[in-house]
Amino acid sequence: MTIGNQAPKKERKSRKSKPVNENAPLLPKSKEEDAGFDEFDGASFTGAVFNLSTTVVGAGIMALPATMKVLGLGLGVAMIIFMAFLTEASIELLLRFSRAGKNASYGGLMGDAFGKYGRILLQVAVLINNIGVLIVYMIIIGDVLSGTSSSGLHHAGVLEGWFGERWWTGRFFILLVTTLAIFSPLACFKRIDSLRFTSALSVALAVVFLVITVGITTVKLINGSIMMPRLLPNVTDLTSFWKLFTAVPVLVTAYICHYNVHSIDNELEDSTQIKAVVRTSLALCSTVYIMTSIFGFLLFGDGTLDDVLANFDTDLGIPYSSLLNDAVRVSYAAHLMLVFPIVFYPLRLNLDGLLFPSARPLYQENMRFASITIGLIALIFLGANFIPSIWDAFQFTGATAAVCLGFIFPASITLRDRHNIATKRDKILCIFMIVLAVFSNLVAIYSDAYALIKKNSSPRE
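Reading the values: the criteria
Residues numbered from 1 in each chain as written. Predicted model: local features only at pLDDT ≥ 70, side-chain atom pairs only at ≥ 80, totals over all residues. Heavy atoms only, no water. Helix = DSSP H or I, 4+ residues; strand = E, 2+ residues; numbered from the N terminus. Buried < 20%, exposed > 50% of the residue type's maximum accessible area, 1.4 Å probe, protein only. Contact = heavy atoms within 4.5 Å. Areas by Shrake-Rupley, 256 points an atom, 1.4 Å probe, with all protein chains shown as cover. Phe/Tyr/Trp six-rings, centres within 6.5 Å; stacked < 30°, edge-to-face > 60°. Lys NZ or Arg CZ within 6 Å of the ring centre and 35° of its normal. Disulfide = S-S within 2.5 Å. Expected span 1.5 Å × (residues − 1). Salt bridge = Lys/Arg side-chain N within 4 Å of Asp/Glu carboxyl O. Axes fitted to C-alpha atoms, helices over the stretch in contact; angles between N-to-C directions. Parallel < 35°, antiparallel > 145°, perpendicular 65-115°, else oblique. Left-handed = near helix turned anticlockwise from the far one by under 90°. Nonpolar A, V, L, I, M, F, W, Y, C, P; charged D, E, K, R; others polar. Patch = residues over 30% accessible without salt bridge, like charges linked within 9 Å, V, L, I, M, F, W, Y side chains within 5 Å. Core = buried A, V, L, I, M, F, W, Y, C linked by side-chain atoms within 4.5 Å.

**Considering the overall build of the protein**
For step 1, the next point in the chain: Helix and strand counts for the protein stand at 18 helices and two strands.
For step 2, the next point in the chain: Taken over 461 residues, the protein has a buried fraction of 56%.
For step 3, the next point in the chain: Across the protein, contacts joining residues at least 24 apart in sequence account for 81% of those joining residues at least 6 apart.
For step 4, the next point in the chain: Surface summary for the protein: the accessible area is close to 19700 Å², and the carbon and sulfur share equals 67%.

Right under this line is the structure:
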């Protein structure tokens, strides 16, 4: 557990002196490219915790109350805590092997362990995961501002509630304006450090959402209008048992931040603090996740939707219900708008590294930078308009790329053990990670397919 700090402090103290892997897809690679970042003297511990927490707390938090409906409150909270510890273990392995191989990025580490094709596989996984996550961001924003009918019952959006059904309150137009007016300008920054102020605001907005939700639930608990929730899952047959595993990909997706860990590590003024940064961030995010899950599920019970924000369009049974509903939904929708560019940044760099591995640094090529940015934003916009449910998107990304990024790739790197630093405990843990990831997600995919077939065949019965 101490190998991650083996790099000499003098070598790791300054951002300029850190080892650079020229194949790294997420970071500046050449001296010429790094020169553009010379004015940055290094991030503080607090700033690093802030950036990693912003990467973690995104859209996944909105699907967590729905996992409580599947798992029950007791098992659900236990699984959130368990996945946090498993995530910390996988990140620790990444950092330890990065130090041993002097790799400055996740892609460089995969390339060191598995060669060119390992690096390409990592880049593809980041593309799939981040595109899926950004599509979910847009879906949530569309649900909040325009409304959703994914559950069969229409839930009005904020703008529809304010102005009624108009052509300009429709999902397509709302997402188009949001994309052109907010996402596109924020995506044009060539330095991730330029987004630090929007990241600060996004965290503040997430806290506003959580505080209001806790307050509403507390008031309803005091006046006795909330029933005791289920602590354990409702398992009545084999099908309901298999359905429990469909919550795992959502939990895995909620903690994915691995693609930004190296970037944050490289920006730290004192890189020996990275392990403390990771643990502090995961502890903070786990607390937010647990509180959101508990109070969100308490508030809506078995009526909790896949995107819990869509539940905030009904009378909550307390004073100023309508105002509080709108405050909750608008605050978190604004939060996602500001987190969008943080996730988009590594997505663009990985796509550029995949398509143009030998080209000049992306920030020096305005035409290439603009083309990739426009193409990715257009793809995400189309996906958000054709995927009806946040749960569907999370099931897909969680069952594929997110599991690879979070567990399968770190475990595979450790089992490969090119530098002979893995312990027996490490290898046992990695085998457990791979078996759990593969088994749970195969069952989740099977359960989803079975439920879809059963749903389509039921009208004929």
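Resuming the write-up.
**Observations regarding the packing of aromatic side chains**
Here a ring pair, both rings aromatic, is described through the centre-centre distance and the interplanar angle of the planes.
For step 1, the next point in the chain: Applying the stated criterion across every chain yields a total of six aromatic pairs.
For step 2, the next point in the chain: Judged by centre distance (4.0 Å) and plane angle (15°), the ring pair of phenylalanine 183 and phenylalanine 340 falls under stacked. Here phenylalanine 183 is found in helix α8 (residues 171–187), whereas its partner phenylalanine 340 is found in helix α14 (residues 321–355), with 157 residues between them in sequence.
For step 3, the next point in the chain: The exposure class assigned to phenylalanine 340 is buried, which follows from its relative accessible area of 0%.
For step 4, the next point in the chain: Aromatic side chains phenylalanine 340 and phenylalanine 344 sit 6.0 Å apart centroid to centroid with 15° between the ring planes, which places their arrangement in the stacked category. Of this pair, phenylalanine 340 and phenylalanine 344 are both found in helix α14, four residues apart, which corresponds to roughly one turn of the helix.
For step 5, the next point in the chain: Phenylalanine 344 sits in the buried class, given a relative accessible area of 0%.
For step 6, the next point in the chain: Each member of the aromatic cluster is reached from another via a ring pair, and the members are Phe183, Phe340 and Phe344.
For step 7, the next point in the chain: Sitting over the face of the ring of tyrosine 117, lysine 116 holds its NZ or CZ atom 5.9 Å from the ring centroid.

**Points about the state of the cysteines**
For step 1, the next point in the chain: Tallied over the full model, the rule gives zero disulfides.
For step 2, the next point in the chain: Of all cysteine sulfurs, the one in cysteine 257 lies closest to cysteine 285, which takes part in no disulfide; the gap is 7.6 Å.

**Re helix α3 (residues 45–56)**
For step 1, the next point in the chain: Taking 1.5 Å of rise per residue, twelve residues should cover 16 Å, and α3 covers 17 Å from first to last C-alpha, within 8% of that figure.
For step 2, the next point in the chain: Those residues of α3 lying buried are Ala48, Val49, Leu52, Ser53, Thr54, Thr55 and Val56.
For step 3, the next point in the chain: Contacts made by the buried residues of α3 are with α9 (196–222), α11 (247–254), α12 (258–267), α13 (274–300) and α14.

**Re the environment of phenylalanine 386**
For step 1, the next point in the chain: Here phenylalanine 386 shows up in helix α15 (residues 366–386).
For step 2, the next point in the chain: Of the residues examined, phenylalanine 386 reaches a relative accessible area of 68% and is grouped as exposed.
For step 3, the next point in the chain: Sequence separation between phenylalanine 386 and isoleucine 135 is 251 residues, and the spatial gap between their C-alpha atoms is 9.8 Å.

**Description of the pattern of salt bridges**
For step 1, the next point in the chain: Under the definition given, this model contains eight salt bridges.
For step 2, the next point in the chain: A salt bridge links glutamate 92 to lysine 275; its shortest N-O distance comes to 3.9 Å. Taken together, the residues span a long stretch of sequence, with glutamate 92 in helix α5 (residues 73–101) and lysine 275 in helix α13 at a distance of 183 residues. You'll find glutamate 92 and lysine 275 in the same group, each marked buried.

**A short note on the packing of α14 against α15**
For step 1, the next point in the chain: Following both chains from N to C, one finds α14 and α15 inclined at 120°, their axes separated by 10 Å at the closest point. Taken together, the axis directions place α14 and α15 in an arrangement best described as oblique. As α14 packs across α15, the resulting crossing turns out to be right-handed. Here α14 contributes Phe340, Phe344, Leu347, Arg348, Leu351 and Asp352 to the contact with α15, which in turn contributes Arg368, Phe369, Ile372, Thr373, Leu376, Ile377 and Ile380.
For step 2, the next point in the chain: Classifying every residue of the contact of α14 with α15 gives nine nonpolar, one polar and three charged.

**A closer look at a nonpolar patch on the surface**
For step 1, the next point in the chain: Taken together, Trp167, Phe172, Phe173, Leu176, Val177 and Leu180 make up a surface patch of nonpolar side chains, about 620 Å² in accessible area.
For step 2, the next point in the chain: In this fold, phenylalanine 172 is placed in helix α8.
For step 3, the next point in the chain: When its relative accessible area of 49% is taken as the criterion, phenylalanine 172 is described as partly exposed.

**Topic: the nonpolar core**
For step 1, the next point in the chain: With 125 residues, the main nonpolar core has Tyr289, Leu309, Tyr332, Phe344 and Ile380 as its most contacted residues.
For step 2, the next point in the chain: Per-element accounting of this core gives the leading share, 20 residues, to helix α6 (residues 106–146).
For step 3, the next point in the chain: Here phenylalanine 344 is in contact with Leu134, Ala187, Thr373, Leu376, Ile377 and Ile380, once residues within four sequence places are set aside.

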